[in-house]
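# Structural characterization, general
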There are 2 protein chains.
Amino acid sequence: MQQSALLTKMASLVTLTDEDRRALEALSIDEVPVARRRALLTQGARPDHFHVLLSGWAARYEVRADGSRRITGFMLPGDFCGIHAICHASMDHAIIAITDCVVGRLDAAAVDAVAARQPAINQAIWRAKLIDEAVLRKWLLFSTDAYQSVAHLLCELYVRASTVGLAARGRCRLPLTQEEIGDALGITAVHTNRVIQRLRNERVIDLSQHELTVLDAPALTRAAAFDRSYLAPWIAGEPSASLD
Amino acid sequence: MQQSALLTKMASLVTLTDEDRRALEALSIDEVPVARRRALLTQGARPDHFHVLLSGWAARYEVRADGSRRITGFMLPGDFCGIHAICHASMDHAIIAITDCVVGRLDAAAVDAVAARQPAINQAIWRAKLIDEAVLRKWLLFSTDAYQSVAHLLCELYVRASTVGLAARGRCRLPLTQEEIGDALGITAVHTNRVIQRLRNERVIDLSQHELTVLDAPALTRAAAFDRSYLAPWIAGEPSASLD
DNA sequence: CGCCCTTTTGAAGAAAATCAAGGGCAGTGG
DNA sequence: CCACTGCCCTTGATTTTCTTCAAAAGGGCG
């Protein structure tokens with residue numbers, strides 16, 4: 001059942017043939033539930049499996065020398081985590097469950113084999129990595145203006161949720177605390193709070209009960225200078241600031 | 001001749017068999033010289049070739065809505081640029097020559113074919129990507145303290161230069177202007193200057209004539225909280241703050 | 001009911017940006 | 001040969017943004 005998150009994600013990355021689907025469905029996935037705030041993968045681990053988030057939200061983070069935490073990415077259902085297994089490398093960061101979630105563990109060699117036989121699958125894995133990287137680069141563009149940063153993060157998460165069917169009509173679940181948002185943007189929780197309140201007062205968004213409602217999408221994308229094309233760079237086309 | 005940069009890099013990523021070497025040497029590389037400050041790849045381009053920097057330094061950057069520039073990575077000889085070709089994707093960033101340099105253009109399909117036949121080559125490309133990503137994540141950890149950020153960037157660049165034989169005995173070429181360093185760290189050139197002067201006054205480094213000399217490596221790595229293991233995560237071992 | 005986690009608010013302080021201007025050095029051209 | 005020009009580095013004064021510290025107010029849950 002949960003396995004569908006992987007198919008949904010793959011289908012959003014490439015056009016899957018029936019054979020691709022069969023190959024994916026044939027993969028044996030070990031479903032591991034992880035409770036909120038528990039680690040999915042720890043720093044220094046050498047995962048020997050390929051991991052996919054099947055349900056819930058997770059975050060990648062690293063702890064600084066001074067003990068502060070920086071979140072370097074959020075993971076939604078269908079996202080891969082710890083592709084390090086492919087490279088027999090150790091994790092230089094940790095992954096934590098933001099909400100209760102279920103992780104799928106796949107045999108790394110089996111994934112390799114499928115990727116080798118089905119070019120589309122291989123392509124999909126590369127594209128997923130490409131997006132990961134593009135998102136990291138976008139995050140590096142933040143840092144100047146907190147208002148813009150928060151707006152951009154909300155746009156990113158809304159579009160990504162939408163891509164896997166978790167957002168509609170301007171609403172989506174956003175199970176992040178303000179502290180987590182701050183850790184992702186490199187600002188304090190206090191400052192995050194003030195920025196979010198400004199976005200609320202200006203009637204750009206509503207954000208409460210871990211539910212995001214985009215009230216004024218044009219204003220939000222304008223504030224964020226958001227262009228969604230980096231989230232699907234293989235699609236030719238004009239820059240697009242729309243969220244849906 | 002220049003082609004050796006690719007072999008040097010590959011050899012630093014994986015153990016190459018003679019057959020791997022032959023396969024790499026058999027690749028036809030189109031050598032394209034690019035003058036300082038000229039574009040290697042432009043934003044929006046859809047590269048149909050696989051690019052490798054053969055000599056010189058380059059930088060990946062993106063221009064913000066307000067016109068400011070953020071450098072999101074530096075490229076040294078042997079580094080790949082625009083792997084987007086693998087995914088038939090358009091570049092969401094641009095690449096510029098920091099110094100005069102030579103780029104190698106390889107046929108994407110030919111690289112694909114070699115990667116499919118030689119597992120080590122495929123592995124090497126993945127590892128290179130993994131490092132790219134790890135570097136991006138480290139850069140996200142900056143942003144708190146400019147002194148630490150500058151120190152960390154210097155450590156990163158020194159180690160990367162060293163890996164491809166461009167650094168020795170605490171010295172390496174560092175052809176960056178202070179403005180470029182600032183654009184990479186998200187701080188102004190003025191502030192960059194003050195930080196570098198502090199590092200100089202404290203006798204931690206010498207930096208002039210585009211030549212970096214590490215005078216006090218322990219002090220530098222301490223200031224940076226530097227641990228080089230993210231630059232070769234497949235090597236098991238303790239954290240290492242050493243630069244050589 | 002009371003506890004913990006999260007959000008909210010206020011005031012003071014620090015880091016870095018901004019603005020402005022001077023100086024060194026290399027290359028160019030008269 | 002020397003003035004000129006452009007690029008980069010340097011320095012100072014002021015302002016903005018964000019942090020830090022502190023404390024209070026909600027809100028869900030045992």
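In what follows, the structure referred to is the one given above.
A few points on the structure. From a predicted model like this one, the values you see are computed outputs, not experimental measurements. For every chain, the first residue of the written sequence is number 1, and numbering continues from 1 along that sequence. As a convention, the first chain written is A and the first ligand written is 1, with the rest following in written order. At least 70 in pLDDT is required for a residue's local features to be given in this predicted model, at least 80 for side-chain atom pairs to be given and counted, and no such filter applies to totals for whole chains, interfaces and linings, which use all residues. Excluded from the side-chain calculations are hydrogens and water; all other atoms, namely the structure's heavy atoms, are used.

## Description of the relation of the copies chain A and chain B
We count it as follows: Least squares is the method used to superpose the copies, on C-alpha atoms of residues holding a pLDDT of at least 70 in both. Whether two residues touch is decided by their heavy atoms; if any such pair falls within 4.5 Å, the residues are in contact.
When chain A is fitted onto chain B, the two copies agree to an RMSD of 0.0 Å after a turn of 180 degrees and an axial shift of 0.0 Å. Here the transformation between the copies is reduced to the relation of a two-fold axis. Interface overlap between copies: 100% of the residues of chain A at the interface are likewise at the interface in chain B, consistent with a symmetric, same-surface contact.

## Description of the packing of aromatic side chains
The following threshold applies: Stacked, tilted and edge-to-face are the three classes assigned to paired rings of Phe, Tyr and Trp, where Trp is represented by its six-membered ring and a pair needs centres within 6.5 Å; plane angles under 30 degrees give stacked, over 60 edge-to-face, the rest tilted. Throughout, exposure labels follow a simple rule: accessible area from a 1.4 Å probe, protein chains only, divided by the maximum for the residue type, with under 20% read as buried, over 50% as exposed, and the rest as partly exposed. Note on criteria: charge over ring means Lys NZ or Arg CZ within 6 Å of the ring centre, with the direction from the centre no more than 35 degrees off the ring normal.
If you walk through the whole model with that rule in mind, you get 9 aromatic pairs over all chains. Taking the centre distance of 6.1 Å and the plane angle of 80 degrees together, the rings of F226 of chain A and Y230 of chain A count as edge-to-face. Across the pair, exposure class does not vary: F226 of chain A and Y230 of chain A are buried alike. Grouping aromatic residues by their ring pairs yields a cluster made of F74, W139 and F142 of chain A. Sitting over the ring of Y61 of chain A, R69 of chain A keeps its end group 6.0 Å from the ring centre. In this arrangement the basic side chain of R198 of chain B is found over the ring face of Y147 of chain B, its NZ or CZ atom lying 3.6 Å from the centre.

## Topic: the pattern of salt bridges
Keep this limit in mind: Think of a salt bridge as a Lys or Arg side-chain nitrogen and an Asp or Glu carboxyl oxygen that are within 4 Å of each other. Strands here mean DSSP runs of E at least two residues long; helices mean DSSP runs of H or I at least four residues long; both are numbered from the N terminus.
Taken as a whole and assessed by the stated rule, the structure comprises 26 salt bridges over all chains. D92 of chain A is the salt-bridge partner of R137 of chain B, the closest N and O atoms lying 2.8 Å from each other. With R137 of chain B in helix 4 (residues 119–141) and D92 of chain A in the loop between strand 6 (80–81) and strand 7 (94–97), the pair connects residues from two separate chains. Classification of R137 of chain B as buried rests on a relative accessible area of 1%. Residues participating in the shared-partner salt-bridge network are D92, K129 and D132 of chain A together with E133 and R137 of chain B.

## Some details on helix 4 (residues 119–141) of chain A
All names here are of chain A. To keep things clear, this is the line we draw: Expected span of a helix: the number of residues minus one, times 1.5 Å.
The end-to-end C-alpha separation of helix 4 is 33 Å, in line with the 33 Å expected for 23 residues at 1.5 Å each. Taking burial as the measure, the 23 residues of helix 4 include 20 buried ones, the bulk of the element. The positive-phi residue at the C-terminal boundary of helix 4 is S143, with phi of around 70 degrees.

## Remarks on the interface of chain A and chain B
Rules: Summed over both partners, the accessible area (1.4 Å probe) lost when two parts come together is defined as the buried area. Think of a polar contact as two N or O atoms within 3.5 Å of one another; within protein, one of them needs to be a possible hydrogen donor and the other a possible acceptor, and neighboring residues in sequence only count if both atoms come from side chains.
On the side of chain B, 40 residues touch chain A, which itself brings 40 residues to the contact. Interface area, chain A with chain B, both sides summed: about 3800 Å², of which 62% is carbon and sulfur. Taken together, chain A and chain B are joined by 6 salt bridges. Scanning the region where chain A abuts chain B turns up 16 residue pairs in polar contact (both at pLDDT 80 or more). Only strand 4 (58–63), strand 5 (69–75) and helix 4 of chain A provide two or more residues apiece to the side of chain A that touches chain B. No other element matches helix 4 of chain A, which puts 15 residues into the side of chain A that touches chain B.

## Quick look at the environment of T72 of chain A
As for its position among the elements, T72 of chain A is in strand 5. The buried category is assigned to T72 of chain A, whose relative accessible area is 1%. Separated by 167 residues in the primary sequence, T72 of chain A and P239 of chain A place their C-alpha atoms 25 Å from one another. Not counting chain neighbours up to four residues away, the residues in contact with T72 of chain A comprise R60, Y61, L136 and W139 of chain A together with R137 and L140 of chain B.

## Describing the sheet that holds strand 1 (residues 30–34) of chain B
Residues and elements named next belong to chain B. Applied cut-off: Note on pairing: two strands pair once DSSP finds at least 2 bridges between them. Think of each axis as a best-fit line through the C-alpha atoms, taken over the contacting stretch in the case of a helix, with angles from 0 to 180 degrees between the N-to-C directions.
Across the sheet, 4 strands lie side by side as 1-8-3-6; this open sheet has antiparallel pairing. Two strands in the sheet have a free side with no partner beyond their single neighbour: strand 1 and strand 6 (80–81). Direction of pairing for strand 3 (residues 49–55) relative to strand 6: antiparallel, over a ladder of 2 bridges. Bridged to V52 within strand 6 is F80. Each of strand 3 and strand 8 (101–107) is contacted by helix 3 (residues 108–117), which is oriented at about 70 degrees to strand 8, the strand it contacts most.

## Examining the sheet that holds strand 9 (residues 167–168) of chain A
Residues and elements named next belong to chain A. Ordered by their spatial adjacency, 4 strands build an open sheet running 9-10-12-11, and the pairing between neighbours is antiparallel. Across the chains shown, the open sheet's two edge strands, defined by having one partner strand only, are strand 9 and strand 11 (205–208). Bridge analysis of strand 10 (residues 171–173) against strand 12 (residues 211–214) gives 3 bridges, and the strand direction is antiparallel. Looking at the pairing, C172 lines up with L212 of strand 12.

## With respect to the protein's contact with DNA strand D
Quick reminder of the rule: Throughout, the term near means that a residue has one or more heavy atoms lying within 4 Å of the molecule or strand in question. Gly is placed with the polar residues, together with every amino acid not listed as nonpolar (Ala, Val, Leu, Ile, Met, Phe, Trp, Tyr, Cys and Pro) or charged (Asp, Glu, Lys and Arg).
Around DNA strand D, the surrounding shell holds 19 residues, and the nearest of these are R36, Q178, N193, Q197 and R200 of chain B. Across the atoms of DNA strand D situated within 4 Å of the protein, the share located in sugar and phosphate is 77%. Here a phosphate oxygen of DNA strand D sits 3.1 Å away from a polar atom, N or O, in the main chain of A146 of chain A. For the surface near DNA strand D, the elements supplying multiple residues, two or more each, are helix 7 (189–201) of chain A together with helix 7 (189–201) of chain B. No other element matches the 5 residues that helix 7 of chain B contributes to the surface near DNA strand D. Of the residues in the surface near DNA strand D, the class split is 4 nonpolar, 9 polar and 6 charged.

Purely geometric stuff here, so don't read any function into it on its own.
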